[in-house]
Amino acid sequence: MTQQTDRPGRAPATLPADPARVAADWRRAAVATAPAADAPRERAAAEQAVRAAYRAAGLAGPAAVVRLDSPLQALAAALVLGGGEQAVLAGPGAAQAAPVFEAARARLAAAGVVPAAGAAGPSVRELVRTAPWERARRLVHERLGGAGWAGLWALTGGELWPQTQALTGRIEGVLTDRLAPEAGDGADGAGRRRATAAVRTVRSALLDAVLGQHDAPWLSAFDAAGPGFDGELAELAGLAAAARHAGWWWPYERVALVAARPTTLHRDEAGRLDRADGPALAYPDGFALHAWRGMPVPEDFLAGLGGLTPERIREEENAELRRVMLEHYGYDRYLADSGAEPLHRDETGVLWRIQLPDDEPVVMVEVVNSTAEPDGTFRTYWLRVPPATRTARAGVAWTFGVAEQDYRPERET
């Protein structure tokens, strides 16, 4: 039992759930994947949840709930039904957007939905998602008080928000780039205006989406305040169920568009998208994001990491991709293979510099652990330090957050 108090004289409100446990549960939901074998079960559960969300909002419910295989395909369907398809196809991304629209239109037709502007009716996101959220927040805030709500959010949604927001932002960026890329350098004024209109149209359609599993941060806060979304928070039950069985979804008066959850998700220890041998995030229709330690990379770039050489790394013109190459190749290996010369050495270690074209140099201190490993060897570490570092001692001192003259360890471990 967790108690929150707001001010003296006010009775403490008791949370019936353990916020940390609830947050952990929703953290798993936010990054859950759905293998293709689970598609029928997922589709049925998602449709049931979406219809429950409509009923909770006082709506009759959609005539059709259309399953789409990725947020890209679902966004294209939303643009078809919302009248934005032509604006996108008039932009510079028409060639790569056309097949996506074709697949979305086919999926709509197969579900009995006319793939035309206006066929779905207006968006009801305000009624289905925004209004229930506002009512729930007001109820919980009144129950816990300002300080209590802030404390609850810090233990639940506040824990999940940074990584979830980073992922949704990344997906939104890729969706926009796929359907509405920027105008090329050779575009004239009219071409640039069409590109701007396409971007505006895509971003407007994204505003109609409910984020499904990526709504986990705020759902975790309300779940901790009312476990299982019963009682006063019962109207959130459909939204919560949809978050456990669906990706992003678009609610319209007569049609709901529901994107599948990803089939693949790979992250590093910091929660960033990360995979060297395939897509870090992938959906059933092949829509995917590739990344190395959070850094977006082209699909074909990863295939070449296994055959890297110092020459190939130096020739890479994109500074960010060059850094990815260096991390994958290994700074110590690159130093050895490129014949780099040390800048400075003293009793703390050896200072090395890697000069890179059109980029700041990589400066590293090579240090040897003074404590032997179980097999009697001494492990070498490489510490990256600021480019302006001039001595090994200054570099080591920087890693401890002190000035060179203040770095006087009593003993090294």
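Since the structure is predicted, the reported quantities are computational estimates derived from the model, not experimental observations.

## As for the sheet that holds strand S3 (residues 64–68)
Right, on to step 1. What the 3 strands build is an open sheet, ordered S3-S5-S4; its pairing is mixed. Each of the sheet's edge strands pairs with one partner strand only, and the pair in question is S3 and strand S4 (249–251). The sheet shows a mean angle of 15 degrees between the axes of neighbouring strands, taken without regard to direction.
Right, on to step 2. Judged from the 5 bridges that link them, S3 and strand S5 (residues 255–259) form a sheet pairing that is parallel. Bridging across to S5, leucine 68 finds its partner in alanine 259.

## A look at the pairing of strand S12 (residues 349–354)
Right, on to step 1. Taken across its 6 residues, S12 has 6 buried, putting it largely inside the fold.
Right, on to step 2. Of the strand pairs in this sheet, strand S11 (residues 342–346) and S12 are connected by 4 bridges, and their pairing is antiparallel. Its bridge partner lying in S12, histidine 344 is registered against leucine 351.
Right, on to step 3. Linkage of S11 to S12, two consecutive antiparallel strands, is achieved through a turn of 2 residues.
Right, on to step 4. Examined bridge by bridge, S12 and strand S13 (residues 362–368) share 5 bridges and lie antiparallel to one another. Bridge assignment links arginine 353 to a residue of S13, and that residue is valine 363.

## Side note on the packing of aromatic side chains
Right, on to step 1. The final tally for this structure, using the stated rule, is 8 aromatic pairs.
Right, on to step 2. Centre to centre, the rings of tryptophan 133 and phenylalanine 222 are 6.3 Å apart; their planes meet at 70 degrees, and the pair counts as edge-to-face. Note that tryptophan 133 is positioned in helix H6 (residues 125–155) and phenylalanine 222 in helix H9 (residues 216–225), a separation of 89 residues in sequence.
Right, on to step 3. Residue class for phenylalanine 222 comes out buried when judged on its relative accessible area of 0%.

## Notes on the pattern of salt bridges
Right, on to step 1. Under the counting rule described, the total for this entry stands at 18 salt bridges.
Right, on to step 2. The partner of arginine 41 in a salt bridge is glutamate 42, and the shortest N-O contact between them spans 3.6 Å.
Right, on to step 3. Arginine 41 gets classed as partly exposed once you look at its relative accessible area, which sits at 47%.
Right, on to step 4. With a relative accessible area of 2%, glutamate 42 lands in the buried category.

## Overview of the packing of helix H1 (residues 19–30) against H9
Right, on to step 1. Relative to each other, H1 and H9 sit at 150 degrees, their axes nearing to 9 Å. Compared by their axis directions, H1 and H9 come out roughly antiparallel. In terms of crossing hand, the pair formed by H1 and H9 is right-handed. Between H1 and H9, the contacting residues are Pro19, Val22, Ala23, Trp26 and Ala30 on the first element and Ala216, Leu219, Ser220, Asp223 and Ala224 on the second.
Right, on to step 2. Counted by class, the contact of H1 with H9 contains 8 nonpolar, 1 polar and 1 charged residues.

## Examining the sheet that holds S13
Right, on to step 1. Reading across from one edge, S11-S12-S13-S14 is the order of the 4 strands in this open sheet, with antiparallel pairing throughout. Whereas interior strands pair on both sides, the edge strands pair on one side only; in this sheet they are S11 and strand S14 (380–385). Along the sheet, successive strands turn relative to each other by an average axial angle of 20 degrees, direction set aside.
Right, on to step 2. Helix H15 (residues 392–399) contacts S11, S12, S13 and S14 of the sheet and is inclined by roughly 85 degrees relative to S14.

Calculation rules
Residues numbered from 1 in each chain as written. Predicted model: local features only at pLDDT ≥ 70, side-chain atom pairs only at ≥ 80, totals over all residues. Heavy atoms only, no water. Pairing = 2+ DSSP bridges. Helix = DSSP H or I, 4+ residues; strand = E, 2+ residues; numbered from the N terminus. Axes fitted to C-alpha atoms, helices over the stretch in contact; angles between N-to-C directions. Buried < 20%, exposed > 50% of the residue type's maximum accessible area, 1.4 Å probe, protein only. Phe/Tyr/Trp six-rings, centres within 6.5 Å; stacked < 30°, edge-to-face > 60°. Salt bridge = Lys/Arg side-chain N within 4 Å of Asp/Glu carboxyl O. Parallel < 35°, antiparallel > 145°, perpendicular 65-115°, else oblique. Left-handed = near helix turned anticlockwise from the far one by under 90°. Contact = heavy atoms within 4.5 Å. Nonpolar A, V, L, I, M, F, W, Y, C, P; charged D, E, K, R; others polar.

These figures come from the coordinates and say nothing about function on their own.
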